[in-house]
Amino acid sequence: MTTTPDTLTGHEELLLAPDWLMLHDGPRQDMAVLVRGARFAEVGTLRDLAAAHPGLRPVALPQRLLMPGLIDTHTHLTQSFGKALAFGEPSEIFRRIWVPMEATLDGDAAYLSTKLAALESLRGGFTTVVDAGTRSEAGLHAVASATREVGIRCVLGQICNDAANADGESGVRRILDAAAAFLAQYEHDTLVHPSLAISIPEAATDRMLHDVAMLTREAGRRFQTHVNEHLVAVERSLVARGLRPLEVLHAAGALNDSALLAHCTLLTSREFGLLRDSGAAVAYNPVASAWKGNAVLDAGMLQMLGVPFGLGTDGTRADGLRLMDAAEATQRLTHGLA
Ligand SMILES: [Zn+2]
């Protein structure tokens, strides 16, 4: 059967026979996958699966490798238009570029930026992207519709920062009500999975950190924030609070197993312990560390402690295989690998 994009749509069941299939122990030939209801239902040799499903004609995929989709655990889909400015920018780039740039995005611009980033992600092997939330007021639903159109799964964060709230309790209530409404609106969406975010711990009050972390936990969703990304962020937190950013989360009661923490590049032994005890997950962003950081997360330590972590692009370049390469090289250079 000649393969065209149409060959792969409109079937409840497909028997795919790629030249190569990526398994846990590496790429293998003469294998096949039974796709049922858009999921990998069975994996086996082509001979076995063809015999077990005589009614299905194998779809040959010559010169193709079939593999599970990759997950980008931390990105910013509405930063596409600033990528050319980002390389070589030292820490705290958000102050100079991202906050001002994203604030100018209307719904159309957020949609276009997201579509560009989502297509690049698909090309780079990602089928799920975790967006830490756009600062574009008009952008959130534009991000949702662009990712849905592209066909990529998106964990989408709504930002709940309240440090600049001047309306007291009513301002807090407004943010929390909008957060709950956002979680409810996308509760049953198959491609857009709602999440709540606070940009960095100091962008919110302790009460908001706590309430948002609890809200996401109750909803079975993810609470996203950036912590301990680089020296300046840690120092500022120490000066303002006498605590490092991760310790601020812990003190506020916001460090639980719903948390997905971006970066964690600078962790003390105590913070490694807090992470392990909390059940929180970490997004390790090796290219972002190379571009703007002054340290590298000790991913081997996380693995040893059983802290779940995944790789993230942080909006740098959406190429999954190069990201893995960067992750390994960065660990070897800084912490060594067995
Ligand atoms: Zn980020």
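Residues numbered from 1 in each chain as written. Predicted model: local features only at pLDDT ≥ 70, side-chain atom pairs only at ≥ 80, totals over all residues. Heavy atoms only, no water.

(A) Structural detail: the nonpolar core. Counting 59 residues, the largest nonpolar core has Ile-198, Leu-209, Phe-223, Leu-261 and Leu-275 as the members making the most contacts within it. For this core, the element with the most residues is helix H6 (residues 168-185), which contributes six residues. Sequence-distant contacts of Leu-261, defined by excluding residues within four places in its chain, comprise Thr-225, Val-227, Leu-246, Leu-249, Leu-255, Leu-275, Ala-280, Ala-281, Val-282 and Ala-283. Judged by nonpolar contacts, the second largest core, of nine residues, contains Leu-14, Leu-21, Val-33 and Leu-61. (Core = buried A, V, L, I, M, F, W, Y, C linked by side-chain atoms within 4.5 Å. Buried < 20%, exposed > 50% of the residue type's maximum accessible area, 1.4 Å probe, protein only. Helix = DSSP H or I, 4+ residues; strand = E, 2+ residues; numbered from the N terminus. Contact = heavy atoms within 4.5 Å.)

(B) Seen up close, the environment of Asp-167. Examined against the element boundaries, Asp-167 turns out to sit in the loop between strand E8 (153-159) and H6. Since its relative accessible area comes to 42%, Asp-167 is described here as partly exposed. With 141 residues separating them in the primary sequence, Asp-167 and Gly-26 have C-alpha atoms 56 Å apart.

(C) Quick peek at the domain arrangement of the protein chain. As assigned here, the protein chain comprises domain 1 (5-66) and domain 2 (70-334). When each unit is reduced to the centre of its C-alpha atoms, the spacing between domain 1 and domain 2 is 35 Å. (Domains from an automatic or database assignment.)

(D) Representation of the sheet that holds strand E12 (residues 281-284) within the structure. Read across the sheet, eight strands follow the order E6-E7-E8-E9-E10-E11-E12-E13 without closing on themselves; strand pairing throughout is parallel. In this open sheet, the two edge strands, each paired with only one partner strand, are strand E6 (70-75) and strand E13 (309-311). Neighbour to neighbour, the strand axes of the sheet diverge by 25° on average, direction disregarded. Inspection of the sheet shows E8 paired to strand E9 (residues 192-197) by six bridges, in the parallel sense. In the strand pairing of E9, Val-155 is matched with His-193. Helix H5 (residues 140-150) rests against E8 and E9 of the sheet, and its axis sits at about 180° to E8. (Pairing = 2+ DSSP bridges. Axes fitted to C-alpha atoms, helices over the stretch in contact; angles between N-to-C directions.)

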